[in-house]
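These are the residues of each chain, in order.
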Amino acid sequence: MNLNNDFSLRATDFADTAVWQPSPLPGVERRLLDRVGAEVARATSVVRYAPGSRFDAHTHGGGEEILVLEGVFSDETGDHPAGTYLRNPPGTRHAPFSEHGCVLLVKLWQFAADDLTPVRINTLTEPWRQGMVPGLTVMPLHEHDGVSTALVRWAPDTQFNPHRHPGGEEIFVLDGVFRDEHGTYPRHGWLRNPRWSQHTPFTGSEGALIYVKVGHLGASFMAPTAA
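This structure is a prediction, so every number in the text was calculated from the model and none was measured. (Residues numbered from 1 in each chain as written. Predicted model: local features only at pLDDT ≥ 70, side-chain atom pairs only at ≥ 80, totals over all residues. Heavy atoms only, no water.)

(A) Just unusual backbone geometry, in detail. The residue Trp109 is not glycine, and still its phi comes out positive at about 55 degrees. One can find Trp109 in the loop between strand 12 (102–108) and strand 13 (119–122). On the accessibility criterion, Trp109 (9% relative accessible area) is buried. (Helix = DSSP H or I, 4+ residues; strand = E, 2+ residues; numbered from the N terminus. Buried < 20%, exposed > 50% of the residue type's maximum accessible area, 1.4 Å probe, protein only.)

Okay, here's the thing in structure tokens:
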């Protein structure tokens, strides 16, 4: 089940060409973005719950990061509507479900062993900070040992400076159209740039809202092991 598992290479995936695969549970499908391993794997996926679908109670040995893209995702800790950012640290256990259906961005086994703080953020109410250039605002979501995650909002026709990512960069487009000299990435497009890659991103008339993670391609994470 390895997919885009050479992290020295640039990788992309687009919603209009997405292939949805069934999970072990009925009503839950996955659009695989990258994956190293079998059913227990370091993985990045878009996960789609049909109304009324659920997972059995399970433990995340290597932690789980979730951004709710559509609908309402639920578990024992509550109901988490679109715009909710969640981090369930290594060793946490839950039985997730969705009464009316939902779509999630999910990352598994991408935690350091000492990254143990649960995170719950409503990105619809969290404040934004001014970015490095006019037209850019940033909402930090998480930082640990050089790995940073944030939402970045780009006004229409915003130009960023050429820059390099020593620890790599991963982008998921939440709204609008993100662009750089290598391509155009519409809503729910995914882009992973390897360590030390360089680009000059910008937006056109649509603007963009993106999820961004940097520093993780050179990080030491817990190795996937069976429960």
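(B) Geometry of the layout of surface pockets. Of the volumes computed, that of the largest pocket is approximately 670 Å³. As for the largest pocket, its lining consists of 31 residues, of which Glu39, Phe55, His58, His60 and Leu108 are closest to the centre. When residues in the lining of the largest pocket are grouped by element, the largest group, five residues, is from strand 4 (residues 41–49). Class assignment of the residues belonging to the lining of the largest pocket gives a composition of 17 nonpolar, nine polar and five charged. Each pocket or cavity is described by its volume, and for the second largest pocket that value is around 420 Å³. For the second largest pocket, the lining is made up of 24 residues, of which Leu136, Val138, Val152, Phe160 and Val212 are closest to its centre. (1 Å grid on protein atoms, 1.4 Å probe; cavity = no way out; pocket = protein on both sides within 12 Å on 5 of 7 lines; lining within 4 Å. Points joined across faces, edges and corners; volume = space filled by probe spheres on them. Nonpolar A, V, L, I, M, F, W, Y, C, P; charged D, E, K, R; others polar.)

(C) Highlighting the packing of aromatic side chains. Summed over all chains, the structure comprises six aromatic pairs. Ring centres of Phe14 and Tyr185 lie 6.2 Å apart, and the angle between their planes is 5 degrees; on these two criteria the pair is classed as stacked. Highlighted residues: Phe14 in the loop between strand 1 (11–13) and strand 2 (21–22) and Tyr185 in strand 20 (residues 183–185), separated in sequence by 171 residues. Relative accessible area serves as the criterion here: at 23%, Phe14 is assigned to the partly exposed category. Ring plane angle 75 degrees and centroid distance 5.5 Å describe the contact between Trp154 and Phe178, whose orientation is recorded as edge-to-face. (Phe/Tyr/Trp six-rings, centres within 6.5 Å; stacked < 30°, edge-to-face > 60°.)

(D) Representation of the pairing of strand 3 (residues 28–37). Within strand 3, seven of the ten residues are buried, which leaves it mostly tucked inside the rest of the structure. Of the strand pairs in this sheet, strand 2 and strand 3 are connected by two bridges, and their pairing is antiparallel. Paired with Pro22 across the bridge in strand 3 is Glu29. Hairpin connection between strand 2 and strand 3: a loop of five residues separates the two successive antiparallel strands, and Gly27 in this loop has a positive phi of roughly 85 degrees. Sheet topology note: the strand 3/strand 4 ladder contains nine bridges and is antiparallel. The residue of strand 4 that forms the bridge with Val28 is Tyr49. (Pairing = 2+ DSSP bridges.)

(E) Quick peek at the sheet that holds strand 15 (residues 136–144). Strand order in this open sheet of seven strands is 1-21-18-23-16-15-14, and the pairing throughout is antiparallel. Among the strands making up the open sheet, the edge pair consists of strand 1 and strand 14 (129–130). Sheet topology places strand 1 next to strand 21 (residues 190–193); three bridges connect them, and they run antiparallel. Following the sheet pairing, Asp13 is matched in strand 21 by Trp190.

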